[in-house]
Amino acid sequence: GYKFDNLFVTCCSLNGPMGLAYLPYVAVMSSKTGPVINLYNAATIAVTTPLDQTGSLVIKTDYPLTGVILVTVSLEKAERFDIRLRIPAWSTVTRLAVNGKPVSVVPGTYAVIKRKWSNGDKIGLTLDMRCRLLDAPHGSDRLGDHHQALVRGPIVLARDENIDADYDKPINILSKDGYVDLSPVPPALPNAWMQFRVPTSTGYITMVDYASVDNWNGKHICTWLPCLTP
């Protein structure tokens, strides 16, 4: 980052607005056979079917606070077409159903639902929001060895010095089969979104979602956590 007069400018502040402006173009896209859902934020999306019928998809969810998503189809006339839903590679245990009937999925692919859609049809999707413990890749910089990161669903977690003075101290995260049992707690900072208690070999630490960290006031954060032991 760099400071121009009293304005801090970073890659986040420059690229973030561009990314947000681009989201409507990729959140739900069109194909020759029907709509393609990429992003599971709450929204109402106008769609045009392969037969040029105008309809909509209504997505109700609090994702990524939870992984529960409900998509309701709105059409004037029933029509056969496909709806594709992105199944993230990290969602290894996913539940998908149409009007309560289960549909099989494969992580890291698009689930393709081919059917005659009617007004009011509902797609229920539950993504795997368990917290994953990731080992840092061993690259050419040996200082990166023996570090780990936590990712809950699509959300990277971080230790924030504003609420954790030991934010950069080595720890050993407790996990089972690569997953960490988090406990959600009320955020300590007024603008924070998510906060969790994380079990370690010496007790608990507190972590927040990366979007909620605040290092504009001279404080620091840590996402790749150093381990106590290799």
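So, how was this worked out
Residues numbered from 1 in each chain as written. Predicted model: local features only at pLDDT ≥ 70, side-chain atom pairs only at ≥ 80, totals over all residues. Heavy atoms only, no water. 1 Å grid on protein atoms, 1.4 Å probe; cavity = no way out; pocket = protein on both sides within 12 Å on 5 of 7 lines; lining within 4 Å. Points joined across faces, edges and corners; volume = space filled by probe spheres on them. Helix = DSSP H or I, 4+ residues; strand = E, 2+ residues; numbered from the N terminus. Nonpolar A, V, L, I, M, F, W, Y, C, P; charged D, E, K, R; others polar. Buried < 20%, exposed > 50% of the residue type's maximum accessible area, 1.4 Å probe, protein only. Pairing = 2+ DSSP bridges. Axes fitted to C-alpha atoms, helices over the stretch in contact; angles between N-to-C directions. Salt bridge = Lys/Arg side-chain N within 4 Å of Asp/Glu carboxyl O.

## Quick notes on the layout of surface pockets
In step 1: Each pocket or cavity is described by its volume, and for the largest pocket that value is around 450 Å³.
In step 2: If you go around the largest pocket, you meet 19 residues; those closest to its centre are Y210, V213, D214, N215 and W216.
In step 3: Of all the secondary structure elements, the ones that give two or more residues to the lining of the largest pocket are β2 (7–9) and α1 (11–26).
In step 4: Of the residues that constitute the lining of the largest pocket, the class distribution is 12 nonpolar, six polar and one charged.
In step 5: Within this model, the second largest pocket holds a volume of roughly 330 Å³.
In step 6: Lining the second largest pocket, in full, are C12, G16, P17, G19, L20, L23, L39, N41, Y63, P64 and P154.

## Quick look at unusual backbone geometry
In step 1: Along the chain, Y63 connects to P64 via a cis peptide bond; the corresponding omega equals 10°.
In step 2: Considering the arrangement of structural elements, one finds P64 in the loop between β6 (54–61) and β7 (68–74).
In step 3: With a phi close to 50°, N99 is a non-glycine residue in the positive phi region.
In step 4: Turning to its location among the elements, N99 is positioned in the loop between β9 (95–98) and β10 (101–103).
In step 5: Under the relative-accessibility criterion, N99 is labelled partly exposed at 43%.

## Some thoughts on the sheet that holds β10
Across a sheet, paired strands are connected by hydrogen bonds in the backbone, their directions being either parallel or antiparallel.
In step 1: An order of β5-β6-β7-β12-β9-β10 is seen for the six strands of this open sheet, with the pairing classed as antiparallel. One side of each edge strand has no neighbouring strand; the edge strands of this open sheet are β5 (43–48) and β10. Here the strands of the sheet are splayed against their neighbours by 25° on average, with no regard to which way each runs.

## Regarding the pairing of strand β3 (residues 28–31)
In step 1: Bridging between β3 and strand β4 (residues 34–37) involves four bridges; their strand directions are antiparallel. Across the sheet, residue S31 finds its bridge partner in β4, namely G34.

## Here's the deal with the pattern of salt bridges
In step 1: The tally for this structure, following the rule as stated, stands at six salt bridges.
In step 2: Between R130 and D128 there is a salt bridge, with the nearest N and O atoms lying 2.8 Å from each other.
In step 3: The class for R130 is partly exposed, based on a relative accessible area of 37%.
In step 4: Salt bridges sharing partners connect three or more residues here, namely D82, R84 and K114.

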